[in-house]
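Structural description and commentary
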Amino acid sequence: MYKRPQRLPQSVLERPQLNLHKQGRMERWSHRLAAFLSRPFRSSLSSYKRFLRPIHRESIRLESLTEAEIDSYIAELRSELFKQGITNRLLVRSFALVREVAGRTLGMKHFDSQLLGGLAMFHGNIAEMHTGEGKTLTATLSAATAAFAGVPVHVVTVNDYLTARDAEEMAPVYERLGLSVGVIVHGLSPQERREIYAKDVVYCTNKELVFDYLKDSIVLEDKQHKLHLHAERLKGNQQILEGLMLRGLHFAIVDEADSVLLDEARTPLIISGPEIEQEEQREVYQQAMDIAQELEAETHYLVNQRERRIEYTEDGEARVLQLTDGLGPFWVGRVRCLELVFQALTALHLFIRDKHYLIKDDKVMIVDEHTGRVMEDRTWERGLHQLIEIKERCELSNPRETLARISFQNFFRFYHHLGGMTGTAKEVMPELWQVYGLPVVNIPTNKPSRRKKLGVSISPTEHEKWQKVAEGVRHLHSQGRPVLVGTHSVAASEHLSERLLKLGIEHQLLNAKQDQSEADIVARAGEPGCVTIATNMAGRGTDIKLSVDVEASGGLHVILTELHEASRIDRQLEGRCARQGDQGSFEVILSLEDTILSEAFSDLLKRFFAWPVPSALRTRLLSILMRRAQKQLEADHARMRAELLKQDERQREILSFTSSKI
Ligand SMILES: Nc1ncnc2c1ncn2[C@@H]1O[C@H](COP(=O)(O)OP(=O)(O)OP(=O)(O)O)[C@@H](O)[C@H]1O
């Protein structure tokens, strides 16, 4: 049942609601300027540092309390927070209590850096804490404090593995504090979800959460405003309220915030209805595929792999219309003909097997590009899924009708209060502020980093790159050091795996095809001589614990084998080693044939590579070019996100207009 939560104090709730997409260029720039000027006030670390001393004073007092005295302290604090809301005095007491309980239950007391991170996210910021600084433990401070005050809390992260792991590891803290904690993962029934969302603190993935929200919005139809909900309750219409899963959107702590709030925000989330049985569609899709195969690249269409874009040429449009002429009743109307053949071209040229999707049990399964995981039960829209099925000769599924859709941007802006954390936010600070009104606070590390960066090496061909990677792995493996190799796609991970097998190097593979024993693979990855090849699945959030002898031999070595579409994602992989002041090293091995490079500067690079310049200088210059290509891609993606938000808002306006009843 929908319950109004105990609200956070107004000062905490006041976040500017910016909506850039209804503004002109001048306004946008003035907001950017305002964001820049207001940053020092809104995100100053010093304002949080002043809380440290009182928290430590209170911590010392708590250390001497018996378990029974801690129980009474919890009861008293809860009741005060519930009655008074979250004042600074109670915030200090709550943080000190959570710290003390974490020490007693997990043997880990929050470091000062974690207290600062907790304070920053509690006050509606993104806490930028370096990789491995212990964000999982940090989140307990804000989550428990808000939950004590009666505010339902969602701790949101990017995948089921991290959600379940974080909730399980932190459960003893919440349970000792008398708070209930639940986990939402794929495959739960609506009733199970309803029960879990009723708990004080809920760990969930962004996708599960948004889909549950969309399902609730279908139940509510046009009664989504809170006044409507109150009216329904007054009318005694419990049925509609009891049909909801969520208790509203109150306080969300977003872990891996740059990934959840930005990287994933390029694709809207859509709820589909039942399948539409349309026998004649099969023939139409096959015809579209045949026509697409008949068209010639460069003459009829242009493919830009880097931006993942296809365009018709003038000749191409004319050819499509010519080829579709007289094909049947579906093929009337220029826009429809061009769109379906366009989707077929997209299926043929932009979607690659074992990178964007897998074939499992004769079905096309989408691989999430950001997390490297298979997204069960998800399909692409507007015939694209069916066209990929035709391309791969799989059994054709029926298209589905769209019932509800939303972008991540619009969804997260619905929360009363939003905070987050990540290891990599500095590049996207302006976007986080513009879209969500979230300032970034950089939190210093607890201990200085001991990560050794071994630089970049670039081979002319992919073949030579993989040879170099395999040689490097063999060398480190023989020294008994664990190695983690990050690859861009399932296909690349399998290719390297075959090479290592030929060299007789034992290793473990973590990709979308082999995700059954993820926790076991991660648990072994820090053992002496253990070699792990992983796609993006291990790129974020995974905590590889090192065995004692490994720390002495130099720690975990990480190899990046292809640049990702954002330097933040590369830094996340780098962050798997040398965590919490441990030893560790990081190396980048690339080739001129990597997609990001070959698309951006193919001819220039090849000529440049042949120049007779010292190899160190050449590598340096090539690295600069690569980062430029990456920056360009980041800018393209930011534009796509802005475009999606604009579309989403336009659609919302249209929908609200069409849903009004006269
Ligand atoms: N206060 C603490 N005392 C001792 N160990 C800690 C403390 N906080 C965290 N750790 C340890 O630090 C390691 C890293 O923690 P965690 O995985 O939460 O980091 P993270 O910041 O989320 O990393 P990433 O950015 O990669 O997601 C874990 O092994 C955890 O047990």
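For the structure, see preceding data.
Described in the following lines is the structure provided in the data block. From a predicted model like this one, the values you see are computed outputs, not experimental measurements. (Residues numbered from 1 in each chain as written. Predicted model: local features only at pLDDT ≥ 70, side-chain atom pairs only at ≥ 80, totals over all residues. Heavy atoms only, no water.)

1. Concerning the packing of aromatic side chains
With the rule as written, the count across this model stands at eleven aromatic pairs. For the ring pair Y213 and F414, a centre distance of 5.9 Å and an interplane angle of 40 degrees mean the geometry is tilted. With a gap of 201 residues between them, Y213 in helix α11 (residues 206–220) and F414 in the loop between α19 (408–412) and β13 (417–422) connect regions that are remote in the sequence. Taking the relative accessible area as the measure of exposure, F414 reaches 36% and is therefore partly exposed. Among the aromatic residues, those joined into a ring-pair cluster are Y213, F408, F411, F412, F414 and Y415. The lysine or arginine in question, R93, covers the ring of Y73, its NZ or CZ lying 4.8 Å from the ring centre. Across the ring face of W466, the terminal group of K465 is positioned such that the distance to the ring centre comes to 4.7 Å. (Phe/Tyr/Trp six-rings, centres within 6.5 Å; stacked < 30°, edge-to-face > 60°. Helix = DSSP H or I, 4+ residues; strand = E, 2+ residues; numbered from the N terminus. Buried < 20%, exposed > 50% of the residue type's maximum accessible area, 1.4 Å probe, protein only. Lys NZ or Arg CZ within 6 Å of the ring centre and 35° of its normal.)

2. Details of helix α8 (residues 135–148)
Its 14 residues give α8 an end-to-end C-alpha distance of 20 Å, which sits within 8% of 20 Å, the value for a rise of 1.5 Å per residue. Most of α8 sits inside the fold, with 14 of its 14 residues counted as buried. Note on α8: the residue one or two positions beyond its end, G150, has a positive phi of about 90 degrees. (Expected span 1.5 Å × (residues − 1).)

3. A word on the pattern of salt bridges
For the coordinates displayed, the defined rule picks out 31 salt bridges. Residue D258 is joined to R568 by a salt bridge in which the shortest nitrogen-to-oxygen separation is 2.7 Å. Of this pair, D258 sits in helix α14 (residues 257–261) while R568 sits in helix α25 (residues 567–574), and the two are 310 residues apart along the sequence. Judged by relative accessible area, which is 3%, R568 ranks as buried. In this structure, the salt-bridge partner of E574 is K453, at a minimum N-O distance of 3.0 Å. Taken together, the residues span a long stretch of sequence, with E574 in helix α25 and K453 in strand β15 (residues 450–459) at a distance of 121 residues. Residue class for E574 comes out buried when judged on its relative accessible area of 7%. Under the relative-accessibility criterion, K453 is labelled exposed at 59%. (Salt bridge = Lys/Arg side-chain N within 4 Å of Asp/Glu carboxyl O.)

4. Focus: the sheet that holds β13
Judged by pairing direction, the sheet is parallel, and its seven strands sit side by side in the order β3-β4-β2-β5-β13-β1-β14 without closing on themselves. Of all strands in the sheet, those bounded by a partner on one side alone are β3 (181–184) and β14 (440–442). Averaged over neighbouring strand pairs, the angle between their axes works out to 20 degrees when direction is ignored. Where strand β2 (residues 153–157) meets strand β4 (residues 201–205), five bridges bridge the pair, whose relative direction is parallel. In the strand pairing of β4, V155 is matched with Y203. Seen against the sheet, helix α9 (residues 160–176) touches β2, β3, β4 and β5 (251–255) and runs at an angle of roughly 170 degrees to β4. (Pairing = 2+ DSSP bridges. Axes fitted to C-alpha atoms, helices over the stretch in contact; angles between N-to-C directions. Contact = heavy atoms within 4.5 Å.)

5. Details of the site of the ligand
Neighbouring the ligand are 18 residues; K135, T136, D543, R576 and R579 lie closest to it. Between E256 and the ligand, the recorded distance is 3.2 Å, taken from a side-chain N or O atom to an oxygen atom. Contact between the ligand and R576: an oxygen atom at 2.6 Å from a side-chain N or O atom of the residue. In isolation the ligand has 640 Å² of accessible area, and contact with the protein removes 86% of it. (Near = heavy atom within 4 Å. Polar contact = N/O pair within 3.5 Å; in protein donor to acceptor, adjacent residues only side chain to side chain. Areas by Shrake-Rupley, 256 points an atom, 1.4 Å probe, with all protein chains shown as cover.)

6. A look at a nonpolar patch on the surface
A contiguous nonpolar surface patch, about 230 Å² in accessible area, is contributed by L617, L621 and I624. The residue L621 is located in helix α27 (residues 615–659) in this model. (Patch = residues over 30% accessible without salt bridge, like charges linked within 9 Å, V, L, I, M, F, W, Y side chains within 5 Å.)

7. Some remarks on the nonpolar core
Counting residues in hydrophobic clusters, the biggest one holds 68 residues, and the most contacted among them are L261, F411, F412, L432 and Y436. Each of domain 1 (26–255 + 408–442) and domain 3 (450–629) gives at least three residues to this core. With residues near it in sequence (within four places) discarded, F411 still touches L209, V210, Y213, L249 and I406. In terms of nonpolar packing, the next biggest core, distinct from the first, is built from 57 residues, Y48, Y73, L81 and A143 among them. (Core = buried A, V, L, I, M, F, W, Y, C linked by side-chain atoms within 4.5 Å. Domains from an automatic or database assignment.)

8. Observations concerning the sheet that holds strand β9 (residues 357–360)
The strand order across the open sheet built from three strands is β9-β10-β11, with neighbouring strands paired in antiparallel fashion. Each end of this open sheet is capped by a strand with a single partner; those strands are β9 and β11 (374–375). Direction of pairing for strand β10 (residues 363–367) relative to β11: antiparallel, over a ladder of two bridges. Each residue of the ladder has a partner; that of I366, found in β11, is M375. Here helix α18 (residues 384–391) sits on the sheet and contacts β9 and β10; the angle it forms with β10, its principal contact strand, is near 120 degrees.

9. Points about the packing of helix α7 (residues 112–122) against α8
Where α7 contacts α8, the two axes come as close as 8 Å, and the packing angle between them is 45 degrees. Taken together, the axes of α7 and α8 are oblique relative to one another. The way α7 lies across α8 gives a crossing that is right-handed. For the pair formed by α7 and α8, the contact residues are Q114, L115, G117, G118, M121 and F122 on the first element and L137, T138, A139, L141, S142, T145 and A146 on the second. (Parallel < 35°, antiparallel > 145°, perpendicular 65-115°, else oblique. Left-handed = near helix turned anticlockwise from the far one by under 90°.)

10. Some details on the packing of helix α5 (residues 67–84) against helix α6 (residues 88–106)
Where α5 contacts α6, the two axes come as close as 11 Å, and the packing angle between them is 145 degrees. The two elements α5 and α6 meet at a crossing, and its hand is left-handed. Mapping the contact onto sequence places E67, I70, Y73, I74, E76, L77, E80, L81 and Q84 in α5 and R89, L90, R93, S94, L97, E100, V101 and R104 in α6. For the contact of α5 with α6, the per-class residue count stands at eight nonpolar, two polar and seven charged. (Nonpolar A, V, L, I, M, F, W, Y, C, P; charged D, E, K, R; others polar.)

11. Here we look at unusual backbone geometry
A positive phi angle, near 60 degrees, is found at D362, a position not held by glycine. Classification of D362 by relative accessible area gives partly exposed; the value is 41%. Its identity as a non-glycine residue notwithstanding, A578 has a phi of 55 degrees, on the positive side. With respect to the element layout, A578 can be found in the loop between α25 and β20 (583–591). Take A578: its relative accessible area is 8%, and that puts it in the buried class.

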